[in-house]
Amino acid sequence: MTEPAFIDFSAQGTFATRYSGSQQGITHHYQGGYHLVDSTRNAVIHTWNLEGRTDINLPLGTTTAVELTDLDNVWTQAEHRFNNNDMGLDVQWALQGIYDRLYNTHNINSMDDDADNDGNGFMINAFIRDGLDPDNAFWNPNRETLSFGQGGVDFRSLASVDVVAHEFGHGITHFQVGWNNSIDQRAFNEGMSDIWAVIMEHRVRPNSVWQIGEQLTLNHACLRNIQNPNASNAMSQIANTYASPQYNSGDSYVRGGVFSHWFYLLVNGGTGVNALGSSYSVQGIGMDMAENLIVKAVYDGYLRFTTSYAQIRTSMINAAREIAGTNSFLEHQVENAWYAVGVGDTQYQYTITGPSTICNQATFTINNLPQGAT
C-alpha cells in the first residue's frame, strides 16, 4: 500500500458525495483514469475499494482492494451509487478536510506528525466496503489503516464526516496516546474519538454535530447523543457521570460517554445535578478554545501513560495551564466540567459579595477571579 509511482498528474475532481452534496477533491490521473489518491498534501491520502472482501488475514502491506476510478473526474451518483462505491467519495473528501484542519490550523501533519523526520506525515489508507462487518467502521491497529462498511441492518454506508473523523481519531490515539485494550482505556479511546468526530464535523461540514452517526442510522435518530447521553431515540445510551450505576455496568462505549459529555459541557457550559447527586455549573469556553486544548493535550504528550479518568483530568488541567496560565478561566472550566461528570472534587465558581442595597457608595468583591482579571 504505497503511493503509485506512475502518476501522470493531479487534478481537482467533482464528487457527488452521499452525505455532503457536491464537493471538490484532489485526485490523481494514471492508467487512463482518475483515482482517489492525493499526494499534493504532506501526507498521502488514498481510498481503496474492498468490494465486500476483507484483508485482515493477509500479510501486512498486501491487499485485495482495487482502485476507485473515474474517466472524466466528475464522479456522479449515476456512475458510482448503485454498488455503494460512492461512499468512497465521502471518505476521501472527509479525510482531505480533516487533514487540512489539523495542518492548516494546528501545523499537525496527519495522525503521526512526521514520525520519520522526513517532512511527511503518516500515509492515510482507507478501505470502503470492508467485508469484515458491513455495519461497522474501524481503525485497524495492526495494519494502521481505516475501514468502512457499506451498511446493512442498522446503518447506511458508514462514510459520514463524523464517522470518518471518529475512526481517524482512533488512528491519532494509536500513535499519540497509546491507550491499551483494557475496558477503561477502550472507553477513553471511544470517548476521545467521539470528541474528534464532533470537532471535525463542526469544522468540515456541520450537521447536528453533537449526535454521532445521525446521517447513517436506519432505525434511530443517531448512534450516540453527546449532548443528551441518555436520549431515548439514540441507538445507544451512554454514561454522563463517572462511577454511576450506568457507568459501572456499561461497556467501553457506555463508559466513554463520560469523556465526550465532559467535552460537550466544556464547549457549551451547563448547570444541573449529575448521576451522583452533585450540583454543577460550567461556563462554556466555545469550540475554538476547546479544540486547541484537545490538540495540545493529544499531540504534546499530556495524555501519554494515563490509565484513569483522574489522570486524564490532571493532564487536561496541565494542558490548560500551558495554554492560558495557572488560575485561568480555561483551567477552572476544565475542572468544573470534570466535576460535572463526576471526576474530581473541585469546582471554581465566581461569586460577588457585598451589600444588597446601595444608598451612597459600596464596595463589592468578586471571588475566585482568574489570574489577570479585575
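Note: the structure precedes this text.
Computed from a predicted structure; not experimentally measured. (Residues numbered from 1 in each chain as written. Predicted model: local features only at pLDDT ≥ 70, side-chain atom pairs only at ≥ 80, totals over all residues. Heavy atoms only, no water.)

K.L.:
Help me out: how do you make sense of the sheet that holds strand E2 (residues 22–30) in this one?
P.N.:
Backbone hydrogen bonds are what pair the strands of a sheet, in a parallel or an antiparallel way. Taken together, 5 strands build an open sheet; the order of strands is E7-E3-E2-E1-E8 and the sheet is mixed. The strands lining the two open edges of the sheet, one partner per strand, are strand E7 (69–70) and strand E8 (74–75). Note that strand E1 (residues 9–16) and E8 share 2 bridges and pair parallel. Residue pairing in the sheet places phenylalanine 15 in a bridge with tryptophan 75 of E8. (Pairing = 2+ DSSP bridges. Helix = DSSP H or I, 4+ residues; strand = E, 2+ residues; numbered from the N terminus.)

K.L.:
Just checking my understanding: could you explain the packing of helix H7 (residues 287–299) against helix H8 (residues 309–324) for this structure?
P.N.:
Working note: a packed helix pair is described by the angle between its axes plus the distance between those axes. One can describe the packing of H7 onto H8 by two numbers: an axis separation of 9 Å at closest approach and a directional angle of 110 degrees. The angle between H7 and H8 falls in the class roughly perpendicular. As H7 runs across H8, the sense of the crossing is right-handed. Where H7 approaches H8, its residues Asn292, Leu293, Ile294, Lys296 and Ala297 are matched on the opposing element by Met316, Ala319, Ala320, Glu322 and Ile323. Tallied by class, residues from the contact of H7 with H8 come to 7 nonpolar, 1 polar and 2 charged. (Axes fitted to C-alpha atoms, helices over the stretch in contact; angles between N-to-C directions. Parallel < 35°, antiparallel > 145°, perpendicular 65-115°, else oblique. Left-handed = near helix turned anticlockwise from the far one by under 90°. Contact = heavy atoms within 4.5 Å. Nonpolar A, V, L, I, M, F, W, Y, C, P; charged D, E, K, R; others polar.)

K.L.:
Help me out: how do you make sense of the packing of aromatic side chains in this one?
P.N.:
The description of an aromatic ring pair uses the distance of the two centres, along with the angle that the planes make with each other. Counted under the stated rule, the structure contains 20 aromatic pairs. Centre to centre, the rings of tryptophan 139 and phenylalanine 175 are 6.1 Å apart; their planes meet at 70 degrees, and the pair counts as edge-to-face. Here phenylalanine 175 lies in helix H3 (residues 161–176) and tryptophan 139 lies in strand E10 (residues 137–140), a separation of 36 residues in the sequence. By relative accessible area, which is 11% here, tryptophan 139 ends up buried. (Phe/Tyr/Trp six-rings, centres within 6.5 Å; stacked < 30°, edge-to-face > 60°. Buried < 20%, exposed > 50% of the residue type's maximum accessible area, 1.4 Å probe, protein only.)

K.L.:
Any chance you could explain the pairing of E10 here in plain terms?
P.N.:
Moving residue by residue along a regular strand, the side chains alternate between the two faces of the sheet. Residues of E10 alternate between two faces, with Ala137 and Trp139 on one and Phe138 and Asn140 on the opposite face, all of them buried. Of the pairings in the sheet, the one linking E10 to strand E11 (residues 145–148) comprises 4 bridges and is antiparallel in character. Note that in E11 the partner of phenylalanine 138 across the bridge is serine 147. The turn joining E10 and E11, which pair antiparallel and follow one another in sequence, is formed by 4 residues; a positive phi near 55 degrees is taken by glutamate 144.

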